[in-house]
Amino acid sequence: DPCVVLFLGIHDNAISTANWTSTQLTELDISSTELTEQGLLDLFSKISKLTYLAVPYCDGFTDKVLELIIDRGVLNGCQALDLSNTVNLNVDIVHRLLTSTPSVTYRLEALSYTGQTALSEQFWIESIRFLRRIKYGFFVCNFSSFYLME
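Conventions adopted
Residues numbered from 1 in each chain as written. Predicted model: local features only at pLDDT ≥ 70, side-chain atom pairs only at ≥ 80, totals over all residues. Heavy atoms only, no water. Salt bridge = Lys/Arg side-chain N within 4 Å of Asp/Glu carboxyl O. Buried < 20%, exposed > 50% of the residue type's maximum accessible area, 1.4 Å probe, protein only. Helix = DSSP H or I, 4+ residues; strand = E, 2+ residues; numbered from the N terminus. Phe/Tyr/Trp six-rings, centres within 6.5 Å; stacked < 30°, edge-to-face > 60°.

Undergrad: Before we go on, may I ask you to explain the pattern of salt bridges in this structure?
TA: Once their charged atoms are close, side chains differing in charge can pair, the charge on each being opposite to the other. Going through the model one piece at a time under the given rule, you end up with 3 salt bridges. With a closest N to O distance of 3.4 Å, Asp-42 and Lys-46 form a salt bridge. Using a relative accessible area of 23% as the deciding quantity, one classes Asp-42 as partly exposed. Taking the shortest distance from any N to any O, the salt bridge between Glu-67 and Arg-96 comes out at 3.0 Å. In this pair, Glu-67 sits in helix 3 (residues 63-72) while Arg-96 sits in helix 4 (residues 91-100), placing the two residues 29 residues apart along the sequence. Assessed through its relative accessible area of 30%, Glu-67 is described here as partly exposed. Judged by its relative accessible area of 28%, Arg-96 is partly exposed. One salt-bridge network, in which partners are shared between bridges, spans Glu-67, Asp-71 and Arg-96.

And the structure:
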């Protein structure tokens, strides 16, 4: 059966000891965890596909981690994604994810991306056309926000 995992107050050593290749993990919430970039690289190198990923306030979620996720196709077919307040994640890599990976965006129905001061109206103008199935979204740019709901 598919597995949903929510990590709270967990560190890298707990993640590295689990046998992720034998699980059918489909949903993952690592919001506000103390996981490092290296711990997340290790985790996402073992996970095959996710339909839901939430990483708000996860400082270890970096460009390098998202690059690995994109390259491995972990989010191909993802339905919900929360990248809010990921301070070590560059807006450019998120732009690449949203505009250059149709295998991710074709099924994406929910997206939250807030807490990035570098987000601009232009970012969303360029990205929104790739998000055709979005039903629920919360986006912020230059201290103004908009909420999209079908």
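Undergrad: Would you explain the packing of aromatic side chains in this entry?
TA: Two aromatic rings are characterised by how far apart their centres lie and by the angle between their planes. Summed over the entire model, instances satisfying the criterion amount to 4 aromatic pairs. The interplanar angle of 40 degrees and the centroid separation of 5.9 Å between the aromatic rings of Tyr-113 and Phe-123 together place this pair among those described as tilted. One end of the pair, Tyr-113, is in strand 5 (residues 110-113); the other, Phe-123, is in helix 6 (residues 121-127), with 10 residues separating them in the sequence. For the residue pair Tyr-113 and Phe-123, the accessibility class agrees, reading buried in each case. Judged by centre distance (6.3 Å) and plane angle (70 degrees), the ring pair of Tyr-113 and Trp-124 falls under edge-to-face. With Tyr-113 in strand 5 and Trp-124 in helix 6, the pair connects residues that are 11 residues apart, well separated along the chain. Take Tyr-113 and Trp-124: they sit in the same class, and that class is buried. Linked through ring pairs, Tyr-113, Phe-123 and Trp-124 together constitute an aromatic cluster.

Read these as spatial facts, not as claims about activity.
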